[in-house]
Amino acid sequence: MKEVDESIEEFYNSLEGIGSTNIWNFHRQLASINGTDAYGNERLVSERKFLFYNLNKGELILNAQITDVKGRVVKTSLSDDDLTYLEFRLNDTFNIWLKARYSHLLWQETKHNKYAAQAIDHYNLCILKSKTGEINQLPILLSAVLHISKKTKIKIDETRELTIELLEEIDTSLKCDVLDVIFENNILSNSDLKKIADDLPNWLDYTHGGFYFSNKSKLSKGLELYAKAGVSTKVLYGLLAENEDFILEQHTDDTDFIKYTTLGLKAKFLKLAGRNEEAEKIFREYTRLKQSVKLHKVSSQLSDEAHELFNAMLKAKTEAILEMPTYQILSYFALAEEVLVDPIENQERAKESISNSLYQLFSTSVYDINSNIKNINDADALNSEYIKNYSIGHVVQCWSLFLRVFVEGILAGKLNYYKIHDFLEQHTWYGMKFQRSMTYNQLDSDSTWITMLAPGIHNLFSQFELSVLMDTNKINNFILAIDSLTTKFEGALRDFIKLSHGNTTTLKNDELVEQLLEDLIDNPKIKELFTLRDIELFKYTFTKGGRNLRNNVAHSFLQFSDYDLQTAGLVFLCFLRLGKYTFEAATDEKDGL
C-alpha cells in the first residue's frame, strides 16, 4: 500500500483516538483536513464513506440513499479499490471499534467468513469495553454479533453464552432493549428463553410508583418472551394487575375517570391471570363508578358489537382489495368515491351537531397551532365542527381501510416503493414528460413529476415498510416525506390544469401572476374534472378550511408529533387522487385510468 501524505496523518490519529462507539460522538472527534495529494484524497473519501454506515438491526446500513431523475433508488456499493483499502486498514489500525466496522463491512461485501469471525471477536471486545463506559451501546453492538453469527453459523455457542451472560449482568433498564435484539436474530434455545422468562419477574421494582411505566414496559415485553418460550402468561398478567395499584393509590376520588379506567384495566389483567374472583370484585366496583365518574373531555367509542362488525367489514374489504393486482389496489384509492367524505352530508351533520350542542349557550375560545387564543363566532364554530366531523369521517371511511390494506399489502409483498413508483409512472400523468416553462434546461429533459415526488414517496414508504416489517415505530420520522410532498402539491396541481388546457394566470395589483393554492383548487378546470369529494379532500388537507398543511409546513408551525403516518398517508392519498388522469400528449384531452 502506498504511503499516505503527511497532511492526513492527523486524520488517522483522530481515528485511532476514537473511544466511543456512538455514531454521533465519534464523528465529532474526527480531525478536519485542509488539503492533501490525490492519493491521500482517495483514501480520505474511502474512509469517510465507511463512516457513513450505521448499525441497524445488526447490519451496517448506508446512512444516505438517493433517487435518480426517474425516481429509482440509487444503490451504492464499495469499489474494489475501497475493499483493498479496507483490508489494509483492518490490519493497520489498533482501534477495536474500527476493526469491528472494517471486518463487518468486508464480510457484508465479500461474504468471506474469515471477516465474519473477526467482526464477532472485535464486537465482543467492544461490548466488554462498553460495560464500563457507554453501557447504552451494548444492545446495538450485540445486535451485530447476533446477526453475523446467525447468518454465518460461526461462533454460535460462544455468542449464545455471551448473550445470556450479558442479559444477566446488565442493568434492568437495558434488559428489554437486549430482548428486542435477541428477538430480531434469535439463536437461543427454547430452554434458554425459558430461563430468561423465569428471571424476568426479578427485573421489576414495586418499591414506589415511579417504576410504574418501567414495570409495565418490561411486563409487556415479557408477554412476547413467554409466548416465544411457550410459557403460561398468567403470572405476568397478575403482575400487571398489581402494577396498576400504583395508579389507583394516586387517584382515589370516585369522580376521577383515571381511577375508573385503571380499575377496568386491572380487572382485565386479573381475568387474564385466571384470578376470576378478584376480577369479578373489581368489575363490580368498575360498574359502580360508571354512575359517579366525571369526564372532563367528551369521549365516544363503538360498542363491542359495533367494533366487531366494523373490524369484520374492514377485514372483508381488505381481503377483496388485496385479491387485485397492485395497480388496481392503488387505482381503487385513486378513483373510488366511497372512501372519501361527502362534503354535503358532512355540512348537514355539522349544522345538526351545532344546533344540538352547548355552542349556543356559551362563548367559545380556541387555540391555534401556535397556542394563540381566539374567540370564535357562529361561523367559526360551524367550520370547526365541520372539520372535526370530516376528520372522524375520513378515519372511518378511508384511513382505517387505507392503513390495513397497506400494512397487509406490504407483508404480502404486493405494495412497496418500487411497485408504487411503477404505478405512478405507468398509470398516472406524473410519468409524462412535458416542457414546464420557456427557461427549459437540458437537465430537465428526462425529468417528470415523478422525479419531484420520488424522494418524498421513497422516504414515506421506506419507513412505513420498515415499521411494518420490524414491528416497531422507533424508526418512524415522516418529516422529510410530509414537508417534501406537501410543498409539491401546489405545483403538481398547477401543471395538471395547464395540461388540461386550463388557465392558471390571474390579475393581482395590476400584475399578471400565477394562481396560488386556494385559487388553483377552486380553478374551473379542477371543478370540471374532479368530484366534490376530491376537491374537499384537497381543501381539508392543504388549506385553512381543514388541516392547513401547506401553510403550517411552509411556516414551520408543525411540531415533531405532528409528523405522523396518518398525516403522511393523507398527503399521499391527495397525490393518488390528483394522478387519476393520464394524457396522450401535452395537448390531448384527458383520459381516465
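By convention here, each chain's residues receive numbers from 1 onward along its written sequence. Restriction of local features to residues with pLDDT of at least 70 applies here, the model being predicted, together with a cutoff of 80 or more for giving and counting side-chain atom pairs; totals for whole chains, interfaces and linings are based on all residues. The side-chain numbers reported here are obtained from all heavy atoms of the structure, hydrogens and water having been left aside.

*Asks:* Would you mind going over the overall build of the protein with me for this structure?
*Replies:* Secondary structure elements are taken from DSSP: a helix is a run of H or I of four residues or more, a strand is a run of E of two residues or more, and numbering for both begins at the N terminus. Helix and strand content of the protein: 27 helices and 10 strands. We call a residue buried when its accessible area falls under 20% of the maximum for its residue type, exposed when it is over 50%, and partly exposed in between, using a 1.4 Å probe and counting protein chains only. For the protein, with 593 residues in total, the buried portion stands at 45%. Should any heavy atoms of two residues lie within 4.5 Å, those residues are counted as being in contact. In the protein, the proportion of contacts linking residues at least 24 apart, taken out of those at least 6 apart, comes to 67%. Per-residue and other accessible areas follow the Shrake-Rupley method at a 1.4 Å probe size, with only the shown protein chains counted as cover for residues. Put simply, the protein shows about 31,000 Å² of open surface, and 51% of that area lies on carbon and sulfur atoms.

*Asks:* Could you clarify how one ought to interpret the confidence of the model for the protein in this entry?
*Replies:* With 85% of its residues at a pLDDT of 70 or more, the protein shows a mean pLDDT of 85. A score from 0 to 100, pLDDT tells how confident the predictor is in each residue. In this model residues 586–593 is a low-confidence stretch, pLDDT under 50, and it forms 27 contacts with partners more than four residues away in sequence or in other chains.

*Asks:* Explain the pairing of strand E8 (residues 511–514) here, please?
*Replies:* Successive residues of a regular strand alternate their side chains across the two faces of the sheet. Across 4 bridges, strand E7 (residues 505–508) lies against E8 in antiparallel orientation. Residue pairing in the sheet places Thr505 in a bridge with Glu514 of E8. Any two strands are treated as partners once DSSP identifies two or more bridges connecting them. Counting the residues between successive antiparallel strands, the hairpin from E7 to E8 contains 2 residues, one of them, Asn509, with a positive phi of roughly 55 degrees.

*Asks:* Explain the packing of helix H7 (residues 138–152) against helix H8 (residues 156–169) to me, please; I cannot follow it from the model alone.
*Replies:* In a pair of packed helices, the angle between the axes and the distance between the axes together describe the arrangement. Axis lines are fitted through C-alpha atoms, for helices just across the contact stretch, and the angle between N-to-C directions can take any value from 0 to 180 degrees. For the pair H7 and H8, the least separation of the axes is 10 Å and the interaxial angle reads 155 degrees. The angle between H7 and H8 falls in the class roughly antiparallel. Crossing of H7 against H8: the hand is left-handed. Of the residues in H8, those in contact with Leu138, Leu142, Val145, Leu146, Ser149 and Lys150 of H7 are Ile156, Thr159, Leu162, Thr163 and Leu166. For the contact of H7 with H8, the class distribution of residues is 7 nonpolar, 3 polar and 1 charged. These descriptions rest on fixed angle ranges, namely under 35 degrees for roughly parallel, over 145 for roughly antiparallel, 65 to 115 for roughly perpendicular, and the rest for oblique. Whether a crossing is left-handed or right-handed is set by the direction in which the near helix is turned from the far one by less than a right angle, anticlockwise for left-handed and clockwise for right-handed. Under the convention adopted here, Pro, Cys and the residues Ala, Val, Leu, Ile, Met, Phe, Trp and Tyr are nonpolar, Asp, Glu, Lys and Arg are charged, and Gly plus all remaining residues are polar.

*Asks:* I tried to follow helix H27 (residues 565–578) on my own but got confused; where do I start?
*Replies:* Working note: α-helix, 3.6 residues per turn, so residues spaced by three or four point in the same direction. Here the expected span of a helix is defined as 1.5 Å times the quantity of residues minus one. Between its first and last C-alpha, H27 extends 20 Å over 14 residues, near the 20 Å set by a 1.5 Å rise per residue. Burial within H27 is extensive, with 13 of its 14 residues counted as buried.

*Asks:* Is there a simple way to think about the environment of Leu142 in this case?
*Replies:* Relative to the helices and strands, Leu142 is located in helix H7. Setting aside residues no more than four positions away along its own chain, Leu142 makes contact with Ile127, Leu162, Thr163, Leu166, Val178 and Val181.

*Asks:* Even after reading the chapter, I still don't get the nonpolar core, so can you show me in this structure?
*Replies:* In a soluble, globular protein the nonpolar side chains are often hidden away together inside. We call a set of buried residues a nonpolar core when its members are Ala, Val, Leu, Ile, Met, Phe, Trp, Tyr or Cys and they connect through side-chain atoms within 4.5 Å of each other. Membership of the largest hydrophobic core comes to 80 residues, with the highest contact counts inside it found for Phe406, Trp429 and Leu578. Those residues in contact with Leu578 that lie beyond four places of it in its chain are Trp429, Tyr430, Phe489, Ala492, Leu493, Phe496, Phe530 and Phe538.

*Asks:* Just checking my understanding: could you explain unusual backbone geometry for this structure?
*Replies:* Glycine aside, negative phi is the norm for most residues, and most peptide bonds take the trans geometry. Here the phi dihedral of Lys111 falls at roughly 65 degrees; this positive angle occurs in a residue that is not glycine. Structurally, the position occupied by Lys111 is in the loop between helix H5 (96–110) and helix H6 (113–130). In this structure Lys111 comes out as exposed when scored by relative accessible area, which is 55%. Of note, Ser556 is a non-glycine position whose phi angle comes to about 55 degrees, a positive value. Inspection of the secondary structure puts Ser556 in the loop between helix H26 (549–554) and H27.

*Asks:* Just to check I follow, could you spell out the packing of aromatic side chains for this structure?
*Replies:* What counts as a ring pair is set by centres within 6.5 Å for rings of Phe, Tyr and Trp (its six-membered ring), and what kind of pair is set by the plane angle: stacked under 30 degrees, edge-to-face over 60, tilted for all other angles. Here the structure, examined in full by the defined rule, presents 30 aromatic pairs. Centre to centre, the rings of Phe489 and Phe575 are 5.4 Å apart; their planes meet at 80 degrees, and the pair counts as edge-to-face. A residue pair is termed long-range when its members are at least 10 positions apart, and Phe489 in helix H22 (residues 479–499) and Phe575 in helix H27 qualify at 86 residues. Residue Phe489 is classed as buried on the basis of its relative accessible area, which comes to 0%. Taken together through their ring pairs, the aromatic side chains of Trp429, Tyr430, Phe489, Phe496, Phe530, Phe538, Phe542, Phe575 and Tyr581 make up a single cluster. Above the plane of the ring of Trp107 lies Lys111, whose end atom (NZ or CZ) is 5.2 Å from the centre. Remark: a charge is flagged as sitting over a ring if the NZ atom of Lys or the CZ atom of Arg is within 6 Å of the ring centre and within 35 degrees of the ring normal.

*Asks:* Would you mind showing me how to read the pattern of salt bridges here?
*Replies:* Salt bridges are counted wherever a side-chain nitrogen of Lys or Arg sits within 4 Å of a carboxyl oxygen of Asp or Glu. Under the criterion given, the structure shown has 30 salt bridges. Of the charged contacts, one joins Arg533 and Asp342 as a salt bridge, the two residues approaching to 3.4 Å between their closest N and O atoms. With Arg533 in helix H25 (residues 532–542) and Asp342 in the loop between helix H17 (326–335) and helix H18 (343–355), this residue pair connects regions lying 191 residues apart in the sequence. Note that Lys388 is salt-bridged to Glu385, the shortest N-O span being 3.2 Å. Of the two residues, Lys388 and Glu385 both sit in helix H19 (residues 378–412), 3 residues apart, roughly one turn of that helix. Residue class for Lys388 comes out partly exposed when judged on its relative accessible area of 43%. Three or more residues are tied together by salt bridges with common partners; here these are Glu490, Arg494, Lys498, Glu514 and Arg550.

*Asks:* Quick question: what am I supposed to make of H17 here?
*Replies:* Of all the 10 residues making up H17, 7 are buried; the element is thus mostly covered by neighbouring parts of the structure. For H17, every residue scored as buried is listed here: Thr326, Ile329, Leu330, Ser331, Tyr332, Phe333 and Ala334.

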